Amino acid sequence: MSSEYDQPEGILGISLAFEGIKDAVTIMNGPTGCKSYPAWFAEHAYPCRDKESYTNEPFKYYRRFFFTQPRVPCTYMDGDDYIMGTGGKLDEVFEDARALRPNLIGIINSPGASLIGEPLILSSEEGIVVKIESPMPSVPLGDGFQDTMIRILEAIAPERKKERKGVNLVGMSIWDLGWEDSISDLKQLLGLCGITVNTVIGAGCTVSELRESGGAELNVIVHRSFGKDIAKWYERNLDVPYTESKMGAPIGFNALEDWILSICEELNADPSAAMRAIKDKRERAAHVLLTLYTVHKPTVGHTFSVVAGASLAYPVMTFLYSYLGILPIAVNTGTDRSFDGEIKEFADKNDLEISEDVFDAPVSVMIGDGVNIASAMYRGLIPEGFDITRPGRIIVQLKERPVLGLGGTMRLLDGVMNTLRRMD
């Protein structure tokens with residue numbers, strides 16, 4: 001099997017940017033097929049965005065433009081529209097969107113509409129409207145997200161503040177598995193350092209919060225490929241500096257400590273309480289590892305593969321290798337090449353041969369998304385896998401399950417160690 005696989009592209013990233021803002025509405029100018037998955041995903045990734053999403057009336061949205069889905073109404077382009085244009089329907093769906101009283105309306109041309117040069121012209125516009133004429137279908141997901149977030153910020157025009165306090169988290173989106181729980185975990189850790197998180201740019205924020213986001217002392221990058229360009233925009237336009245950990249996203253004890261320390265250094269804050277919290281979890285994990293060794297079930301010598309975005313794959317790979325002593329056989333980051341240099345340097349330093357072909361690598365455990373894990377299990381390559389990215393395997397989730405932060409680190413250890421224990 002080829003090491004290339006179907007991945008979400010820029011057009012979904014565009015939708016994520018709009019749908020991650022609590023008081024925004026997204027319009028798709030195109031056929032229903034182009035809106036179905038973005039609408040389904042937004043509703044499931046961010047179900048508590050508004051009360052309407054909880055409707056138990058199956059025909060509440062069984063009307064023109066919505067097609068039973070409460071999110072992302074569309075103009076349902078058909079044969080005649082490709083000749084005559086959708087102008088009339090676009091005006092109508094815009095009025096339906098305005099009736100929901102959003103503070104931001106995003107309009108996206110579908111690939112087909114963009115191909116024929118369909119203009120996004122409205123008879124009249126009220127409020128903040130951001131139009132995406134070209135849907136970026138062949139660029140990475142993060143590029144679409146960042147480009148659109150910058151367009152949104154330009155339209156909202158955040159205020160430049162003289163007095164600044166707190167930080168913004170940049171580079172998270174509702175595409176992140178467990179994004180709400182991860183944000184809660186990271187906020188708690190930063191709170192131990194006396195640092196307040198003002199806004200998470202593009203993940204559960206409001207238009208008002210984005211407008212005030214220029215009042216942060218610092219922007220903190222979580223995922224490089226989803227946040228570096230946005231952070232640079234803030235620095236260039238609002239003089240808000242940014243920082244990022246050289247170890248990638250905050251998952252794994254070392255990466256998490258580096259992430260906290262890099263922020264505290266910039267803000268001259270005291271990291272000791274957060275470091276103690278991480279130390280406590282290190283000791284708990286060490287006790288469990290010692291118990292496994294005592295009953296002759298060590299983790300050393302097992303193998304694993306990772307398929308995820310680069311800023312997530314890199315810290316997971318280094319953490320599992322250095323902490324559990326299991327060998328990375330294959331790592332695939334898809335179109336996200338933002339940590340290629342770091343992955344190669346790590347492999348060379350530790351005399352490891354790491355392939356990109358996770359789809360033909362028999363290993364003890366695969367770390368990644370539900371689709372590739374299920375495929376590898378079906379083909380007998382792996383006995384089991386562990387989800388850290390979307391699309392995750394569908395489960396009923398009542399307790400918090402962060403992917404990042406201290407809780408995410410313990411969740412990862414728990415999942416991997418239990419998988420290896422069941423194998424033995």
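Read on for an overview of the structure. (Residues numbered from 1 in each chain as written. Predicted model: local features only at pLDDT ≥ 70, side-chain atom pairs only at ≥ 80, totals over all residues. Heavy atoms only, no water.)

Details of the layout of surface pockets
Worth spelling out the cut-off: With a 1 Å grid laid over protein atoms only, a set of points is called a cavity when a 1.4 Å probe fits there but cannot get out and a pocket when it is open yet has protein on both sides within 12 Å along at least five of seven lines; lining residues have an atom within 4 Å of a point. Grid points are joined across faces, edges and corners, and a volume is the space filled by probe spheres set on the points. Secondary structure elements are defined from DSSP: runs of H or I of at least 4 residues count as helices, runs of E of at least 2 residues count as strands, and each element is numbered from the N terminus.
Quantified by volume, the second largest pocket comes out at close to 770 Å³. Along the walls of the second largest pocket sit 37 residues, with Pro8, Leu141, Trp175, Gly309 and Thr389 positioned nearest its centre. At the level of elements, helix 6 (141-156), helix 9 (224-238), helix 12 (310-324), helix 14 (370-378) and strand 11 (385-389) are the ones that each hand at least two residues to the lining of the second largest pocket. A per-element tally of the lining of the second largest pocket places helix 6 first, with 3 residues.

Considering the sheet that holds strand 10 (residues 365-369)
Test applied: Strand pairing follows a simple DSSP-based rule, namely that at least 2 bridges must link the two strands. A fitted line through C-alpha atoms serves as each axis, taken over the contacting stretch for helices, and the angle formed by two N-to-C directions is quoted from 0 to 180°. In what follows, a contact means two residues having at least one pair of non-hydrogen atoms within 4.5 Å.
Strand order in the open sheet formed by 4 strands is 9-8-10-11, and the pairing between neighbours is parallel. With partners counted over all chains shown, the strands left at the sheet margins are strand 9 (327-332) and strand 11, one partner each. The average angle at which neighbouring strand axes cross in this sheet is 20°, direction not considered. Strands in contact with helix 15 (residues 405-423) are strand 10 and strand 11; relative to strand 11, the strand with the most contacts, it is inclined by about 160°.

Re unusual backbone geometry
Using the following cut-off: The cut-offs for exposure are 20% and 50% of the maximum accessible area for each residue type, with area from a 1.4 Å probe on protein chains only; residues under the lower value are buried, those over the upper are exposed, and the others partly exposed.
The amide bond that connects arginine 390 to the next residue, proline 391, takes the cis arrangement and shows omega of -5°. Within the element layout of this structure, proline 391 appears in the loop between strand 11 and helix 15. The phi angle at tyrosine 76 is positive, at roughly 40°, despite the residue not being glycine. Relative to the assigned elements, tyrosine 76 resides in the loop between helix 2 (32-45) and helix 3 (81-84). Residue classification places tyrosine 76 among the partly exposed residues on the basis of a relative accessible area of 22%. Here aspartate 351, not a glycine, exhibits a phi torsion of approximately 55°, which is positive. Along the chain, aspartate 351 falls in the loop between helix 13 (340-349) and strand 10.

Description of the nonpolar core
Where we set the bar: Side-chain atoms within 4.5 Å are what join buried Ala, Val, Leu, Ile, Met, Phe, Trp, Tyr and Cys residues into a set we call a nonpolar core.
If you look at the biggest cluster of nonpolar residues, it comprises 105 residues, and the most contacted ones within it are Ile152, Leu320, Ile367 and Leu412. Ranked by residue count, the leading element in this core is helix 12, at 9 residues. Discounting residues that sit within four places of it in the chain, isoleucine 152 has contacts with Ala17, Phe18, Ile21, Leu104, Val130 and Leu210. Ile27, Val93, Ala97 and Ile107 belong to the second largest nonpolar core, which has 13 residues in total.

What about a nonpolar patch on the surface?
Our working definition: Exposure above 30% relative accessible area and no salt bridge define the residues that can form patches, which grow by joining like charges within 9 Å and nonpolar side chains of Val, Leu, Ile, Met, Phe, Trp and Tyr within 5 Å. Per-residue and other accessible areas were derived by the Shrake-Rupley procedure at a 1.4 Å probe size, with only the shown protein chains allowed to occlude residues. When a carboxyl oxygen of Asp or Glu is within 4 Å of a side-chain nitrogen of Lys or Arg, the pair counts as a salt bridge.
A surface patch of nonpolar side chains, amounting to about 610 Å² of accessible area, comprises Tyr82, Ile83, Met84, Leu115 and Ile116. Examining the composition of the nonpolar patch, we find that 3 residues originate from one element, helix 3, more than from any other. As for its position among the elements, isoleucine 83 is in helix 3.

A few points about the packing of aromatic side chains
Just so we agree on the cut-off: In this analysis, rings of Phe, Tyr and Trp, with Trp reduced to its six-membered ring, are considered paired at centre separations within 6.5 Å, and the interplanar angle assigns stacked below 30 degrees, edge-to-face beyond 60, and tilted for intermediate values. A ring has a charge above it when a Lys NZ or an Arg CZ is no more than 6 Å from the ring centre and no more than 35 degrees off the ring normal.
Here the structure, examined in full by the defined rule, presents 13 aromatic pairs. Between the aromatic rings of tryptophan 233 and tyrosine 234, the centroid separation amounts to 5.4 Å while the plane-to-plane angle is 90°, which identifies the pairing as edge-to-face. A relative accessible area of 0% means that tyrosine 234 is categorised as buried. Ring geometry for phenylalanine 253 and phenylalanine 319: centres 5.6 Å apart, planes at 90°, overall edge-to-face. Within this pair, whereas phenylalanine 253 is found in helix 10 (residues 253-267), its partner phenylalanine 319 is found in helix 12, the two being separated by 66 residues in sequence. Here phenylalanine 253 matches phenylalanine 319 in class, with each residue buried. Above the ring of phenylalanine 339, the side-chain terminus of arginine 224 is found at 4.0 Å from the ring centroid.

Comments concerning empty space enclosed by the protein
Condition: In this classification, the charged set is Asp, Glu, Lys and Arg, the nonpolar set is Ala, Val, Leu, Ile, Met, Phe, Trp, Tyr, Cys and Pro, and all remaining amino acids, among them Gly, are polar.
This structure, assessed with the given rule, holds 1 cavity of 30 Å³ or more. The computed volume of the largest cavity comes to approximately 30 Å³. Ile221, Val222, His223, Arg224, Glu244, Ser245, Gly248, Ala249, Ser311 and Phe339 together form the lining of the largest cavity. A breakdown of the residues in the lining of the largest cavity according to their chemical character gives 4 nonpolar, 4 polar and 2 charged.

Let's talk about helix 11 (residues 272-294)
The condition is simple: In this scheme, a helix's expected span is set at 1.5 Å multiplied by one less than its residue total.
A rise of 1.5 Å per residue sets the reference length of helix 11, with its 23 residues, at 33 Å; its end C-alpha atoms lie 32 Å apart and thus fit the reference within 8%. Listing the buried residues of helix 11 in full gives Ala274, Met275, Ala277, Ile278, Ala285, Leu289 and Leu292. On its buried side, helix 11 packs onto helix 7 (179-192), helix 10, helix 12 and helix 15.

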